[in-house]
Amino acid sequence: MATVHLRIGDLVWGKLGRYPPWPGKIVSPPKDLKKPRGKKCFFVKFFGTEDHAWIKVEQLKPYHPHKEEMIKINKGKRFQQAVDAVEEFLKKGKGKEQGSHSDDKKSADGKGRKAAAKPMKIIEEDDEDPFKGGSSDKDLTDSDPEPSSVQPLVAGTVSGFKWDSSPASSMEPISKRLKIVEEDSGSTSIQPADSTAINGNITPTDKRIGFLGLGLMGSGVVSNLLKMGHVVTVWNRTAEKCDLFIQEGARLGRTPAEVVSMCDITFSCVSDPKAARDLVLGPSGVLQGIRPGKCYVEMSTVDPETIIELSQVISSRGGRFLEAPVSGSQQLSNDGMLVILAAGDRTVYEDCSSCFQAMGKTSFFLGEAGNAARMMLILNMVQGSFMATIAEGLTLAQATGQSQQTFLDILCQGQMASTFVDQKCQNILQGNFKPDYYLKHIQKDLRLAISMGDSVNHPTPMAAAANEVYKRAKALDQSDNDMSAVYRAYIH
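Residues numbered from 1 in each chain as written. Predicted model: local features only at pLDDT ≥ 70, side-chain atom pairs only at ≥ 80, totals over all residues. Heavy atoms only, no water.

- The protein chain carries the name Cytokine-like nuclear factor N-PAC in an unreviewed UniProt entry, which gives Denticeps clupeoides as its organism.
- As recorded by UniProt, the Sequence similarities (unreviewed entry) comment attached to the protein chain reads in full: "Belongs to the HIBADH-related family. NP60 subfamily." (UniProt positions renumbered as here; feature names shortened; annotations may be inferred.)

Here you go:
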């Protein structure tokens, strides 16, 4: 891989924490601003914003060679405005840039006049809403502290150009206000547009929200609901899990029935069909708190028969029912970037709009109750089968004397390249099976998908084969590890 040197004045793509790559320019930092210790970094002014940040060298890419790649993966309005600002800056050409250096010199001598610099906003990796603002490319040319005498003095090397592969660095659009789009299929898709849970431009519903189940997925969902200003009452079978959310501002419900009676809309997210039924039908369960007009949203991944049963019992008490299983992982739940599949009462779906914006990047309404469960099982059947195949490939590479890392490198340069493949494989090679999606849950989803296929006399031989591998992994005590631990079924 060619080595590229960066210096002050270069246009770059900068990657800050979990936020998407953003166009910027390497500039000189203020004299009183100390450079962070540790890895080499540059001070970057981001286009289209008032933001500046220290960015590590390995999180920078030259602007021009990677422009098309970045435009393909980032579609938000603010992102496009930032790119337009770069293009406008480039149109002004070197002449004006040199002129600005001349102005700097005149200002230093007291013979020229220069606009006062705007206050500089410096952001950190853990800031809640970077890239908030709307400055133009003019801000970049006229107010950056970039004296001509230091142009060539700061240089660095970028090699490899591979963004940090942690789950937090997925390249998602920075803008994602939700809008409804009707499709020919009759389903409704809520697509990303201009605003986001990341920058806080969500108006929370004034309805009282309840949430039952604080597992891997539910915890991230509740955290984002609270961050976006929703009033949330929580309950969990293991009460200690509620403590953190109480500290963040949530209220505590003593039973599922109490939560439902206190709230307008109650969500639940539990492990399997039995848990979902018990939560509704059991002692002090959801059904006891349902009154006419109360809304219940089932987010668990279960079979369509369970969904239809729950829909009927909730409706029999005058309640309104929506299913809304989510596609994603613990990390995507934490980041508020889930994909929500909804079906059932359309008015509940609309009432949940701000909640879905807080927890997800996109949402689909799929019609009558049961359809979202069917679609979710199909998606997880494909994902589970794919994960088992990847594990099989890694172990076959090892058995035939091939480098597993090289296998992954080749895979990630081809048509199957994805964040999912890269993250799961890297975790396997590092022996890291910390759960992002439990192995026992993906095996449950495969089992339910196979059963669904049987009910319509549709063969699912690939899923059936993968299911057997996951069952072997469970027998090897991998149930509570990540789904990628299916790898261990091949090496024992």
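1. What to know about the packing of aromatic side chains
In step 1: Evaluation of the coordinates by the stated rule reveals 11 aromatic pairs.
In step 2: Arranged with centres 5.7 Å apart and planes meeting at 75 degrees, the rings of Trp 22 and Phe 79 form a pair that is edge-to-face. Residue Trp 22 is found in strand S3 (residues 22–26), and its partner Phe 79 is found in helix H2 (residues 77–91); the two are separated by 57 residues along the sequence.
In step 3: A residue is classified by how much of its surface remains accessible, and Phe 79, at 1% relative accessible area, is buried.
In step 4: Positioned above the aromatic ring of Tyr 438 is the side chain of Lys 440, whose terminal nitrogen or guanidinium carbon lies 5.1 Å from the ring centre. (Phe/Tyr/Trp six-rings, centres within 6.5 Å; stacked < 30°, edge-to-face > 60°. Helix = DSSP H or I, 4+ residues; strand = E, 2+ residues; numbered from the N terminus. Buried < 20%, exposed > 50% of the residue type's maximum accessible area, 1.4 Å probe, protein only. Lys NZ or Arg CZ within 6 Å of the ring centre and 35° of its normal.)

2. Regarding the nonpolar core
In step 1: Ranked by internal contacts, the top residues of the largest apolar core, which has 35 residues, are Phe 211, Leu 225, Phe 267, Val 297, Met 299, Phe 356 and Met 359.
In step 2: Elements that contribute at least two residues to this core include exactly strand S11 (209–212), helix H5 (216–227), strand S12 (232–235), strand S14 (265–268), strand S15 (295–298), strand S18 (338–344), helix H12 (346–351) and helix H13 (353–359).
In step 3: By residue number, the principal contributor to this core is H5, which donates 5 residues.
In step 4: Filtering out sequence-adjacent residues up to four positions away, Val 297 remains in contact with Ile 265, Thr 266, Phe 267, Ser 268, Leu 322, Ala 324, Val 348 and Cys 352. (Core = buried A, V, L, I, M, F, W, Y, C linked by side-chain atoms within 4.5 Å. Contact = heavy atoms within 4.5 Å.)

3. Comments concerning the state of the cysteines
In step 1: Inspection of every chain in the model, using the stated rule, returns 0 disulfides.
In step 2: Cys 355 forms no disulfide, and the closest cysteine sulfur to it belongs to Cys 352, at a distance of 5.5 Å.
In step 3: For Cys 355, a relative accessible area of 0% puts it in the buried group. (Disulfide = S-S within 2.5 Å.)

4. Here we look at the pairing of S12
In step 1: Residues Val 232 and Val 234 line one face of S12 and the alternating positions Thr 233 and Trp 235 line the opposite face, and both faces are buried.
In step 2: Here S11 pairs with S12 via 4 bridges, running parallel. Opposite Leu 212, over in S12, you have Trp 235 as the bridge partner.
In step 3: Taking the sense of rotation as the criterion, the β-α-β connection linking S11, H5 and S12 turns out right-handed.
In step 4: In the sheet, S12 pairs with strand S13 (residues 251–252) via 2 bridges, with the strands oriented parallel. Among the inter-strand pairings, Val 234 is bridged to a residue of S13, identified as Leu 252. (Pairing = 2+ DSSP bridges. Right-handed = clockwise from strand over helix to strand, strands pointing away.)

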